[in-house]
Amino acid sequence: MGLVVRKMERADAEGFRACLDSVAREGRYLAKEAAPTLERIQAFVDDTVSNNLPQFVAIEDGLVVGWCDAIPYQTKSLSHRAELGMGVLKGHRGKGIGEGLVLATIEHARTIGIKRIDLEVRADNVAAIALYLKTGFREYGRKAKAIFLEGEYHDLIVMEHLDFGP
Ligand SMILES: CC(C)(COP(=O)(O)OP(=O)(O)OC[C@H]1O[C@@H](n2cnc3c(N)ncnc32)[C@H](O)[C@@H]1OP(=O)(O)O)[C@@H](O)C(=O)NCCC(=O)NCCS
């Protein structure tokens, strides 16, 4: 069946949740320790699908192996901005899936009038930082000691993508 990167659908909620949960439980990449309940994830996916928001999944042999979304802020004056989040299942990394997901998400964001995408990434997450630089993000700052985990502080790098025209 191979790999497909496509917009998330309502029926993907459970698979998306499992993928998110697995990456969150690795405990070093996301700002959450586990996925929210299926009920909350389903409501989130229903909302993004209804509003045609940029949210993509990678499916390999029927399994959700990655996701990427750029969810716009709800305040009217900030609704041209979105915050990017993503992950690829361990074991499926290093095969171009993440890059395909980010590029699809950025392209869709462009079509709905997004003018700026923000993200935060842990300073030691070299794979994610390299991916973001490759896909047009630029680093514009560092939040020192932004994370405290198992007795250690970690910095966060803040990045922006502004290549959306006027
Ligand atoms: C970051 C992540 C999404 C990358 O996805 P991926 O499918 O493995 O990445 P790809 O195979 O598409 O790689 C695309 C580019 O990313 C960079 N990259 C990916 N893995 C890398 C690694 N281990 N070291 C350095 N650069 C890496 C490279 O620039 C690569 O391009 P290249 O192949 O031409 O060198 C994935 O590692 C992941 O899910 N990590 C855990 C969750 C996470 O960090 N989420 C982001 C939180 S901000």
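We now turn to the structure provided with this report. (Residues numbered from 1 in each chain as written. Predicted model: local features only at pLDDT ≥ 70, side-chain atom pairs only at ≥ 80, totals over all residues. Heavy atoms only, no water.)

## Description of the site of the ligand
Reasoning step 1: Around the ligand there are 21 residues in total, and V88, G96, G98, N125 and K134 lie nearest to it.
Reasoning step 2: Take M86: an N or O atom from its main chain is 3.0 Å from a nitrogen atom of the ligand.
Reasoning step 3: At 2.7 Å from an oxygen atom of the ligand is found a main-chain nitrogen or oxygen belonging to V88.
Reasoning step 4: Within the complex, the protein chains bury 73% of what would otherwise be the 920 Å² of accessible surface of the ligand.
Reasoning step 5: Elements that contribute at least two residues to the shell around the ligand include exactly β4 (81-88), α3 (97-111), β5 (116-122) and α4 (126-134).
Reasoning step 6: For the shell around the ligand, the element with the most residues is α4, which contributes six residues.
Reasoning step 7: Of the residues belonging to the shell around the ligand, the class tally is 11 nonpolar, five polar and five charged. (Near = heavy atom within 4 Å. Polar contact = N/O pair within 3.5 Å; in protein donor to acceptor, adjacent residues only side chain to side chain. Areas by Shrake-Rupley, 256 points an atom, 1.4 Å probe, with all protein chains shown as cover. Helix = DSSP H or I, 4+ residues; strand = E, 2+ residues; numbered from the N terminus. Nonpolar A, V, L, I, M, F, W, Y, C, P; charged D, E, K, R; others polar.)

## Things to note about the environment of G94
Reasoning step 1: Here G94 shows up in the loop between β4 and α3.
Reasoning step 2: Exposure remark for G94: the relative accessible area of 84% places this residue in the exposed category.
Reasoning step 3: Separated by 41 residues in the primary sequence, G94 and L53 have C-alpha atoms spaced 26 Å apart. (Buried < 20%, exposed > 50% of the residue type's maximum accessible area, 1.4 Å probe, protein only.)

## Focus on the packing of helix α1 (residues 13-25) against helix α2 (residues 38-50)
Reasoning step 1: Contact pair α1 / α2: the axes reach a minimum separation of 9 Å and the direction vectors enclose 115°. Crossing hand, α1 versus α2: right-handed. Across from A13, E14, F16, R17 and L20 in α1, the residues of α2 making contact are L38, I41, Q42, F44 and V45.
Reasoning step 2: Looking at the contact of α1 with α2 residue by residue, the classes come out as seven nonpolar, one polar and two charged. (Axes fitted to C-alpha atoms, helices over the stretch in contact; angles between N-to-C directions. Left-handed = near helix turned anticlockwise from the far one by under 90°. Contact = heavy atoms within 4.5 Å.)

## What about unusual backbone geometry?
Reasoning step 1: For N52, which is not glycine, the phi torsion reads 55° and is therefore positive.
Reasoning step 2: Backbone geometry places D61, a non-glycine residue, at a positive phi of 50°.
Reasoning step 3: In this fold, D61 is placed in the loop between β2 (55-60) and β3 (63-72).
Reasoning step 4: Judged by relative accessible area, D61 falls into the exposed class, the value being 53%.

## Observations regarding the sheet that holds β2
Reasoning step 1: Strand order across the open sheet formed by seven strands is β1-β2-β3-β4-β5-β7-β6, with mixed pairing between neighbours. Since the sheet does not close on itself, it has two edges, and those belong to β1 (3-7) and β6 (138-149), each with one partner. Averaged over all adjacent pairs, the angle separating strand axes in this sheet is 20°, with direction ignored.
Reasoning step 2: Here β1 pairs with β2 via five bridges, running antiparallel. Along β2, the bridge assignment pairs V4 with I59.
Reasoning step 3: Helix-sheet contacts for α1 involve β2, β3 and β4, and the interaxial angle to β3 is about 90°. (Pairing = 2+ DSSP bridges.)

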